[in-house]
Every structure is written in structure tokens, then in C-alpha cells.
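Architecture at a glance
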Amino acid sequence: MKLVSVKDAVGMVLAHDMTQIIPGKSKDAAFRKGHIITSKDVPQLLSMGKDHIYIFELKSNHLHENDAAMRMATAAGNGIVLSEPKEGKVDLLSSYDGLVKVNHRALHAINEEIEVMFATIHTNQAVVAGKMIGGTRIIPLTIPESRIEKVEKICKENYPLIEVKPFKSMKAGIIITGTEVYEGRIQDGFGPVLSKKFTEANCASMKPIFVRDDAEMIAESIQVLLHEGAEIIVISGGMSVDPDDVTPVGIKKAGASIVSYGAPILPGAMFLLSYIEDVPVLGLPGCVMYNKRSIFDLVFQRILAGEKLTRQDITSLGHGGICLRCENCIFPNCSFGKGGLY
Ligand SMILES: Nc1nc2c(c(=O)[nH]1)N[C@H]1C(S)=C(S)[C@@H](COP(=O)(O)OP(=O)(O)OC[C@H]3O[C@@H](n4cnc5c(N)ncnc54)[C@H](O)[C@@H]3O)O[C@H]1N2
Ligand code: MOO
């Protein structure tokens, strides 16, 4: 790279993008890397405060910022679309609706390398197609290629560094417990909440089954739904400490393997996760009906992304496990549920 006076630069090739900021209006590259400077550009460059500029002259075994960023972004993972390099930075965008997974230990290892940076959104965040999920660049204008090779090696050894797992559609079975609901003393408020969540996730809800607070009835209903092809089963209510709270007993009676009863999430402490073979069977406490977002939304998006959750997946959710109950809920673009393992 060579430094020349702008007035002498006509006909030369610009070494990097040049950003113009007009306060309150715009921040964009007024000139792009590779641009051949004309006499018309000189007054604008001077008005941007550029009396001198860098002209391209790359040392051997060095990469230009655009090429370095592109190589790091390309090595990162799958389910991702890359932007064109702009001002030396490459953005990573989600290719489809899905769940973002970030290997944050590997991400940290990359950022420990000198003169490179890689930033992402949190792991376990649901995104729509086209959403920005990360960005990368080098700090100087050029970098020894060996540094980028090191980043590529970290990506390869920990592949994927970042990925989007596509959401699938599932057939959902719903069991509504509560003798007070079964006998018509109160109207069911849980079924509509769950059906809405399933519909929003492109899942087909089966006709809800209503049962008393009766473990045997709950176990039988689980078997009926499995027989009818349910791919996920949720059982509402009866999850805490009252004598009539028998849902966990019913789930066990149905032969489920319990992954976790209890979760470090509010709302959702009394949640139960279990599986019958590969079918997730979820015991949902009353708070799932009452709150806009809860443990259910966190676990459901992981299941939709094809994950089979372990006890550690649940126990690691305490960090970020508090829903702030904002008046204008912006979930999933908030801290709720963004802890956990990668
Ligand atoms: N002494 C304690 N009380 C509570 C505890 C506790 O640990 N100790 N835990 C609290 C937490 S946390 C939650 S969450 C709820 C758990 O509730 P349950 O899942 O046991 O829910 P139920 O007792 O079955 O019902 C609670 C409430 O909601 C009404 N309900 C239930 N299902 C329906 C439905 N389908 N439609 C309309 N309304 C429904 C039910 O009638 C009760 O009023 O417990 C805390 N309490
Ligand atoms: O802790 Mo409960 O299961 O949130 O309301």
C-alpha cells in the first residue's frame, strides 16, 4: 500500500472503501475498494477530510480486508447467506427461519487471535430468513494470510462455528388436565393458548383431550395420542405441589423417561421434560397459560429445530432464565433463554 496525495491520485486504484457520514442522515461507502479515482472525485474526497489516500500495493502473503473477511465468513457454518464485503466487513444472514446455534467457545478462540473480529447474536435464538446473525472483519487493512488460516482451522475443528437449524412442522397432541375444567366449573383457557402457539409454528394441533386430575386418565390419554401419531405431546396444569397435582405421576405411568422435573426458568420452574422413545412429552405448569412467554417457548423452539434435549440443556438455562415481562414483548430478540450450552 502506498500513501499518495489525493490531488496526485487520479487514475490510481483505491485500496479500501471510504465511508462518508452525513450526521443524522447516512453512513455509507462513498467510494469502494478498487475504484479508479477520477478528477471529479477529488473535491468530494477533500470534503470528506481525505488529503491523502492509500493506493493498493499488497505485500506477498497478505490478504486485503475484504478477502480476509470473506474467507472467515465462508468458513463459519451452514444455513447462512453472506453479504458482499462492505467497508471491509461481511455480514452473515440467516438463509431460512430457524434456530441459531453458536459455538461460543470457538468464537472466543477466534477473537483471541490478533487483529480479527467475529461477532454473533446469542446462541439458541429463533430467527426469520434474512435476519442478521453475525459479522466479521479484520482490524487493519491487510493481514498476513497465516492469521486467517488459523481462524479457518478453528472453524474447521469446531464446525459449525455458527449455523441455523431449520424449523420442522410437527403433529401436536394436547391434554388439558384439571377436574374443574373437565366438569365445566371453569372454561378452558390453556387449550387456545397452546393451539395458537402451535399454529404460529406451522404445527398441526390434534383435538385436545380433557381429563380429570387423575394419573391413570392422563397416562391413557398420552397412549391414545401416541397411537394417533403425535410427534410432540403437551399436558397442561397439575404440575406443582397441591394434592391434586398429579400430572408428573401420569406422565411417568405412561412410561416416559424423565429428563428433568423443574427448570431454572421463570416463568416455568415447575416444567417437566420427558420422552417416550423420540416423542417429547412436556408437563406445562399454569404459568405457560398465563404468561406471554415462558419455558415452553424456549424448549419448543429447540424441539422444532430437531434437538433432543438433555438434563444439561435444561439446567444450563438459568443464565438468561428470567423473562423481564416487558410491556412490549420483543421475544426472541431479548435476553430470555439466550444462555445455555451451544
Ligand atoms: N404452594 C405452592 N403453590 C404454587 C407453587 C408452589 O410451588 N407451591 N407453584 C406455583 C407455580 S411456579 C406455578 S407455575 C403454578 C403451577 O400450577 P399448576 O401447573 O399446578 O397448575 P394448576 O394448579 O393445575 O392450576 C393453576 C391455576 O390455573 C387454573 N387452570 C389450570 N388449567 C386451566 C385451564 N385449562 N383453563 C383455565 N384455567 C386453568 C387452575 O384452575 C388454577 O386456578 O402453581 C403455583 N402455586
Ligand atoms: O415458576 Mo411457575 O412454573 O413459573 O409460575
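Rules and cut-offs
Residues numbered from 1 in each chain as written. Chains lettered and ligands numbered in written order. Predicted model: local features only at pLDDT ≥ 70, side-chain atom pairs only at ≥ 80, totals over all residues. Helix = DSSP H or I, 4+ residues; strand = E, 2+ residues; numbered from the N terminus. Rg over C-alpha atoms; globule rule 2.2 N^0.38 Å. Buried ≥ 20, exposed ≤ 12 C-beta atoms within 10 Å, placed from the backbone. Contact = placed C-beta atoms within 7 Å. Pairing = 2+ DSSP bridges. Axes fitted to C-alpha atoms, helices over the stretch in contact; angles between N-to-C directions. Near = placed C-beta within 6 Å. Nonpolar A, V, L, I, M, F, W, Y, C, P; charged D, E, K, R; others polar. UniProt positions renumbered as here; feature names shortened; annotations may be inferred.

**A look at the overall build of the protein**
- In terms of helices and strands, the protein carries 11 helices and 20 strands.
- In terms of overall size, the protein is more extended than a compact globule, its C-alpha atoms giving a radius of gyration of 27 Å where 342 residues would be expected to give roughly 20 Å.
- Overall, the protein is about 90 × 40 × 30 Å in size when its C-alpha atoms are taken along their principal axes.
- Counting the 342 residues in the protein, one finds 39% classified as buried.
- At a minimum sequence separation of 6, the contacts of the protein that also span at least 24 residues come to 67%.

**Describing the sheet that holds strand β13 (residues 162-166)**
- Taken in spatial order, the 3 strands line up as β10-β8-β13 in an open sheet, and their pairing is antiparallel. Strand pairing shows two members of the sheet lacking a second neighbour, β10 (125-127) and β13, which therefore form its edges. Pairs of neighbouring strands in the sheet enclose a mean axial angle of 35°, with direction left out of account.
- As judged from the 5 bridges shared by strand β8 (residues 98-102) and β13, these two strands associate in the antiparallel manner. Across the sheet, G98 pairs through a bridge with P166, a residue of β13.

**Looking at the site of ligand 1**
- In the vicinity of ligand 1 lie 21 residues, with F190, G237, M239, P285 and G286 positioned nearest.
- When grouped by side-chain class, the residues that make up the shell around ligand 1 number 10 nonpolar, 7 polar and 4 charged.

**Remarks on the UniProt feature "domain: MoaB/Mog" (unreviewed entry) in the protein**
- UniProt records the feature "domain: MoaB/Mog" (unreviewed entry) at residues 173-305, using the numbering of this structure.
- For residues 173-305, the helix share is 37%, the strand share is 22%, and the end-to-end C-alpha distance is 18 Å.

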